[in-house]
Amino acid sequence: MSAATTTERSRLTTLLDELAAGAPVAVGIDLTHIPSVGERLARLGPRWLGDQFTERELRELDGVRNGSHATLAGRLAAKEAFIKLLTPQDDFVLHRDIEILRASGGAPLVHAHRSALAAAGRRALTSWSVSITHQGDWAAAIAVGTPALPAPGPVHTHHTQEKRS
């Protein structure tokens, strides 16, 4: 098993443990048409990329399959899924404030900054994970997050005595 798979499995296990403990879950999903991303890139050029991605993401995308349209579409789908996870109502979350990077081994890793981090704070989300997939002309992503669980308090037990007659 690769380090990325182990890391992703560890994050998912943590999220599942939190769910089992009763933590509410937030979910976002997105589907992006890969050829449309290529068309947008051809029409709007590097400036559009700079509006969508941080410098660190752009450097990494240059090395990932030469920044292919499928990779770009997957990263954009992950950003949109993360925005939906945050469910901003009066908030505006910028794509550049959500950084999708690769963990060692290739699993996607989300870093929330500025507007995204503020929206996550308002939702009390402290743990999240994202998964990206590609099939044919489509890229899809799902984001799952949970808030911090309250610290466990003292355990109270209630014993009753049976009355014997």
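The rules behind each value
Residues numbered from 1 in each chain as written. Predicted model: local features only at pLDDT ≥ 70, side-chain atom pairs only at ≥ 80, totals over all residues. Heavy atoms only, no water. Helix = DSSP H or I, 4+ residues; strand = E, 2+ residues; numbered from the N terminus. Buried < 20%, exposed > 50% of the residue type's maximum accessible area, 1.4 Å probe, protein only. Areas by Shrake-Rupley, 256 points an atom, 1.4 Å probe, with all protein chains shown as cover. pLDDT = per-residue confidence, 0-100. Contact = heavy atoms within 4.5 Å. Pairing = 2+ DSSP bridges. Axes fitted to C-alpha atoms, helices over the stretch in contact; angles between N-to-C directions. Expected span 1.5 Å × (residues − 1). Bend = angle between axes of the 7 residues up to and from the residue. Phe/Tyr/Trp six-rings, centres within 6.5 Å; stacked < 30°, edge-to-face > 60°. Arc of directions from axis to C-beta.

A. The overall build of the chain, seen in detail. If you tally the helices and strands in the chain, you get 5 helices and 5 strands. When the helices and strands of the chain are listed from N to C terminus, the series reads α-β-α-α-α-β-β-α-β-β. Evaluated residue by residue, the chain yields a buried proportion of 41% over its 165 residues. If you sum the accessible surface of the chain, you get close to 10000 Å²; carbon and sulfur atoms cover 54% of it.

B. Main features of the confidence of the model for the chain. Residues of the chain with pLDDT of at least 70 account for 73%, and the chain-wide mean is 82. This model gives residues 155–165 a pLDDT under 50, and the stretch forms 0 contacts once residues within four places in sequence are excluded.

C. Spatial organisation of the sheet that holds strand β5 (residues 138–147). Spatial ordering of the open sheet is given by β1-β5-β4, a layout of 3 strands whose pairing is antiparallel. Two strands bound the open sheet, and with one partner strand each, they are β1 (26–33) and β4 (125–135). Strand-to-strand, the axes of this sheet are offset by a mean angle of 15 degrees, without reference to chain direction. Contacts from helix α2 (residues 34–52) reach β1, β4 and β5 within the one sheet, and its direction differs from that of β1 by about 70 degrees.

D. Molecular detail of α2. End to end, α2 covers just 15 Å across 19 residues, shorter than the expected 27 Å (1.5 Å per residue, more than 12% under). Taking the largest bend as the criterion, α2 deviates by roughly 110 degrees, centred on G45, and proline P46 comes between one and four positions later. Those residues of α2 that sit buried are I34, V37, G38, L41, G45, W48, L49 and Q52. On its buried side, α2 packs onto β1, α3 (55–63), α4 (69–86), β4 and β5.

E. Focus on the pairing of strand β2 (residues 98–102). Within β2, 4 of the 5 residues are buried, which leaves the element mostly enclosed by the surrounding structure. Linking two consecutive strands that pair antiparallel, namely β2 and strand β3 (residues 108–112), is a turn of 5 residues; a positive phi of about 100 degrees is found at G105 within it.

F. Highlighting the packing of aromatic side chains. In total, this model carries 1 aromatic pair according to the counting rule given. Relative to W128, the ring of F82 has its centre 5.3 Å away and its plane inclined at 75 degrees; by these criteria the two rings are edge-to-face. With F82 in helix α4 and W128 in strand β4, the pair connects residues that are 46 residues apart, well separated along the chain. Given a relative accessible area of 1%, F82 falls into the buried group. Accessibility expressed as a relative area gives 17% for W128, which makes it buried.

G. Here's a closer look at unusual backbone geometry. Its identity as a non-glycine residue notwithstanding, R114 has a phi of 35 degrees, on the positive side. Judged by relative accessible area, R114 falls into the exposed class, the value being 56%. Positive phi outside glycine occurs at A124, with the angle close to 65 degrees.

H. Representation of helix α5 (residues 114–122) in the model. Among all positions in α5, only S115, A116, A119 and A120 are buried. For α5, the angular spread of buried residues about the axis comes to 135 degrees, placing them on one side. In α5, the exposed positions that point more than 90 degrees away from the buried face belong to R114, G121 and R122. Looking at the residues trailing α5, positive phi occurs at A124, about 65 degrees.

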